[in-house]
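Examining the three-dimensional arrangement
In case you want the letters, here they are:
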Amino acid sequence: MSTGIWFWILLACAVAFLTKLVGHLVPARLLEDERMTRVAGALTIGLLASLVAMNTVSSGQQVVLDARLGALVAAAIALVLRAPFLVVVLVGAGAAALLRLTGIG
Amino acid sequence: MVPATPPFASVPTHRPTYTGRVRRLWASPAVRIGASIAVATGLYGVSFGALAVASGLSVPQTMALSLLMFTGGSQFAFIGVISGGGTGSAAFGAATLLGLRNAVYGTQINRMLKTRWPLKLAAAHVTIDESTATAVGQEDPDEQRRGFWVAGVGIYVLWNAFSLLGAILGGALGDPARWGLDGAAVAAFLGLLWPRLKGREPVAIAVVCALVTVLAVPHLPPGVPILVAGLVAAVWGWISHGRADEGLEPDVDPYPSDGHGPTDPTHGEVR
């Protein structure tokens, strides 16, 4: 995967930069259209929620419930308690590792 | 009669010293907010670096994403798809769609800063959630400019330094599952999503897209369910009539309001 993935990494980087640049170049009225802003916002929420779900339950093409579900719950509790991002990530890792260690996950 | 010299006149104001300049810069609220946002955001580059290596990327590939892509959500999306067994093209699709909001930020920054070539290229590269939020939160044009650059460049430097640290540490950890790094990825995505769940509609979008993903996983190649969820979200945004700027919040809020939660109408209204 190492050589093929380089192509997609560099392409994704180029497109990410061009996306930012386009915002700086096109007349504001084109992108500040309320509908475009709504699409961009909804897209951000939907994709992140999808990434949460996929990383929690998917194992290839299978849906598997394991220690990652515990990590999700623990991270949510940390977020409710207003923990900073890095602490949330560590809590998620700790929960998954602990559940596996105890043989639950 | 010679007028008495006021005491402060002994300080040569026409040629400020280096420390004097730094002190004056530090007196700017935008600079201070930008700097603290840079530290908070830059630090979590360590989790990106560690997770990127755990997903199977090499250290140079990880650093290419941090140096060249430089938009945290998209970087996490790219490695999130790869670690789930998705193809490079699916990872590209997820990262690109998640980066589209940066175009909206670009128009806001361009209107506020009116940067010229070639500085525009640098401004575009550091146009992300946090630098935009720092600038938007200021009223004075000079403060907007200072806030944007301090946050943008500060995050760029620290994000890359901590990505490298994370990638090296992650490589030394060995088996990712043993250390719960897959749980860390789940937590990271939830942490990125959380600040954007302000209001009933964002929560509804999140729940529906998560459900769509889970239902699609057994039927589609890895990574593709994310794109399907993205499509659902885009259509939702197209036909919805809710607040226009929902979803466009920084991961680390430079101007945190008291009530984080689903019913905080005062937050982010100018964004």
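Reading the values: the criteria
- Residue numbers run consecutively from 1 along every chain, following the written order of its sequence.
- Naming scheme: in the order in which they are written, chains are lettered from A and ligands are numbered from 1.
- Per-residue local features are limited, in this predicted model, to residues with pLDDT of at least 70; the limit for side-chain atom pairs, both in listing and counting, is 80 or more; totals at the level of whole chains, interfaces and linings are taken over all residues.
- Heavy atoms throughout the structure, all of them, feed into the side-chain values; hydrogens and water do not.
- UniProt positions are given in the numbering used here, feature names are shortened, and annotations may be inferred rather than shown by experiment.
- Every helix listed is a DSSP run of H or I at least four residues long, and every strand listed is a run of E at least two residues long, numbered separately from the N terminus.
- The globule rule used for comparison is 2.2 Å times the number of residues to the exponent 0.38, while the radius of gyration itself is calculated over C-alpha atoms.
- We call a residue buried when its accessible area falls under 20% of the maximum for its residue type, exposed when it is over 50%, and partly exposed in between, using a 1.4 Å probe and counting protein chains only.
- In what follows, a contact means two residues having at least one pair of non-hydrogen atoms within 4.5 Å.
- Reported accessibility uses the Shrake-Rupley method at a 1.4 Å probe radius. Residues are deemed covered only where the shown protein chains occlude them.
- None of His or the chain ends enter the tally, which takes Lys and Arg as positive and Asp and Glu as negative.
- Charged side chains are reduced to one point each, which is NZ for Lys, CZ for Arg, CG for Asp and CD for Glu.
- In this scheme Phe, Tyr and Trp rings, the latter by its six-membered ring, pair at centre separations within 6.5 Å, and the angle between planes marks the pair as stacked below 30 degrees, edge-to-face above 60, and tilted otherwise.
- Segmentation into domains, and thus their bounds, comes from an automatic or database assignment.
- Defined here as a combined quantity, buried area equals the accessible surface (1.4 Å probe) lost by two parts on assembly, summed across both.
- Pairs of N or O atoms are called polar contacts if they sit within 3.5 Å, as long as, within protein, a hydrogen donor faces a hydrogen acceptor (for residues adjacent in sequence, only side-chain-to-side-chain pairs).
- As a working rule, the residues Ala, Val, Leu, Ile, Met, Phe, Trp, Tyr, Cys and Pro are called nonpolar, Asp, Glu, Lys and Arg charged, and the rest polar, with Gly in that last group.
- Whenever Lys or Arg places a side-chain nitrogen within 4 Å of a carboxyl oxygen from Asp or Glu, that contact is recorded as a salt bridge.
- One less than the number of residues in a helix, times 1.5 Å, gives the span that helix is expected to have.
- Arc definition: directions from the helix axis to the C-beta atoms.
- To get an axis, a line is fitted to the C-alpha atoms, and for a helix only the part in contact is used. The angle between two axes follows their N-to-C directions and goes from 0 to 180 degrees.
- Geometric relationships in this document are graded by angle, where less than 35 degrees denotes roughly parallel, more than 145 denotes roughly antiparallel, 65 to 115 denotes roughly perpendicular, and other angles denote oblique.
- Two helices crossing with the near one rotated counterclockwise from the far one by less than a right angle form a left-handed crossing, whereas a clockwise rotation gives a right-handed crossing.

An unreviewed UniProt entry lists chain B under the name AzlC protein, with Occultella aeris as the source organism. What UniProt records for chain B under Sequence similarities (unreviewed entry) is the sentence "Belongs to the AzlC family." Note on chain B: under the UniProt heading Subcellular location (unreviewed entry), the record states "Cell membrane".

An unreviewed UniProt entry annotates chain A as Branched-chain amino acid transport protein (AzlD) of Occultella aeris.

1. Describing the overall build of chain A
Along the backbone of chain A there are 5 helices and 2 strands. Secondary structure elements of chain A occur, N-terminal to C-terminal, as α-α-α-β-β-α-α. Its C-alpha atoms give chain A a radius of gyration of 19 Å, clearly above 13 Å, the size a compact globule of 105 residues would have. When its C-alpha atoms are laid out on the principal axes, chain A stretches across 55 × 40 × 25 Å. Per-residue burial for chain A yields a buried fraction of 47% across its 105 residues. By sequence separation, contacts in chain A at least 24 residues apart represent 28% of the contacts at least 6 residues apart. A total of about 4,900 Å² of accessible surface is found on chain A, and carbon and sulfur atoms cover 71% of it. A gap of 7 Å separates the mean positions of the 7 positive and 4 negative side-chain charges of chain A.

2. Examining unusual backbone geometry
All names here are of chain B. For the peptide bond that leads from W117 to P118, omega is -10 degrees, which places it in the cis range. With phi around 45 degrees, F70 is a residue other than glycine that occupies positive phi space. For F70, the location among the structural elements is in the loop between helix 4 (59-69) and helix 5 (72-83). A relative accessible area of 2% means that F70 is categorised as buried.

3. A closer look at the packing of aromatic side chains
Residues and elements named next belong to chain B. According to the stated counting rule, one finds 10 aromatic pairs over all chains in the structure shown. Here the aromatic rings of F48 and F76 are separated by 5.5 Å at their centres, their planes lie at 85 degrees, and the arrangement is edge-to-face. Taken together, the residues span a long stretch of sequence, with F48 in helix 3 (residues 45-54) and F76 in helix 5 at a distance of 28 residues. When sorted by exposure, F48 lands in the same class as F76, which is buried.

4. Regarding the domain arrangement of chain B
Residues and elements named next belong to chain B. Split by domain assignment, chain B resolves into domain 1 (30-192) and domain 2 (197-244). On a C-alpha basis, the centres of domain 1 and domain 2 stand 22 Å from each other. At the interface, 9 residues of domain 1 touch 5 residues of domain 2. Carbon and sulfur atoms supply 83% of the area that domain 1 and domain 2 bury against each other, a total of about 420 Å² over both sides. If you sort the residues of domain 1 by the area they bury against domain 2, V81, A90 and L97 come out on top, with a joint share of 54%. Here domain 1 and domain 2 share 0 residue pairs in polar contact (both at pLDDT 80 or more) between them. In terms of residue class, the side of domain 1 that touches domain 2 is made up of 4 nonpolar, 5 polar and no charged.

5. Let's talk about the interface of chain B and chain A
Contact with chain B, which involves 104 residues of that partner, is made by 68 residues of chain A. Of the roughly 7,200 Å² buried at the junction of chain B and chain A (both faces included), carbon and sulfur atoms supply 76%. Between chain B and chain A we count 1 salt bridge in total. Residue D182(B) pairs with R100(A) through a salt bridge whose shortest N-O separation is 2.6 Å. The tally of links between chain B and chain A comes to 12 residue pairs in polar contact (both at pLDDT 80 or more). In terms of residue count, helix 11 (residues 181-193) of chain B provides more of the side of chain B that touches chain A than any other element does, 12 residues in total. Residues that form the side of chain B that touches chain A fall into these classes: 60 nonpolar, 34 polar and 10 charged.

6. A few points about helix 2 (residues 29-43) of chain B
Residues and elements named next belong to chain B. The end-to-end C-alpha distance of helix 2 is 21 Å, a good match for the 21 Å that 15 residues give at a rise of 1.5 Å each. For helix 2, every residue scored as buried is listed here: A30, V31, I33, G34, I37, A38, T41 and G42. Down the axis, helix 2 shows its buried residues gathered within 160 degrees of arc, on one side only. Residues of helix 2 that are buried in the fold lie against helix 1 (18-26), helix 3, helix 9 (129-136) and helix 10 (141-173).

7. Some thoughts on the UniProt feature "transmembrane region" (unreviewed entry) in chain B
Residues and elements named next belong to chain B. Mapped onto the present numbering, the UniProt feature "transmembrane region" (unreviewed entry) falls at residues 33-56, 76-100, 148-170, 176-194 and 201-217. This span, residues 76-100, is 76% helix and 0% strand, and a straight line between its end C-alpha atoms measures 15 Å. Taken as a whole, residues 148-170 contains 100% helix and 0% strand, while its terminal C-alpha atoms sit 31 Å from one another.

8. Details of the UniProt feature "transmembrane region" (unreviewed entry) in chain A
UniProt annotation of "transmembrane region" (unreviewed entry) refers to residues 6-27, 39-57 and 69-99 of chain A when read in the numbering used here. With 91% helix and 0% strand, the stretch residues 6-27 of chain A has end C-alpha atoms that lie 33 Å from each other.

9. Topic: the packing of helix 9 of chain B against helix 10 of chain B
Residues and elements named next belong to chain B. For the pair helix 9 and helix 10, interaxial distance at closest approach is 7 Å and the crossing angle is 160 degrees. Between helix 9 and helix 10, the angle is such that the two are roughly antiparallel. Remark: the crossing between helix 9 and helix 10 carries right-handed chirality. Here E130, S131, T134 and A135 of helix 9 come into contact with helix 10, specifically with Q144, G147, F148, A151, G152 and I155. For the contact of helix 9 with helix 10, the per-class residue count stands at 4 nonpolar, 5 polar and 1 charged.

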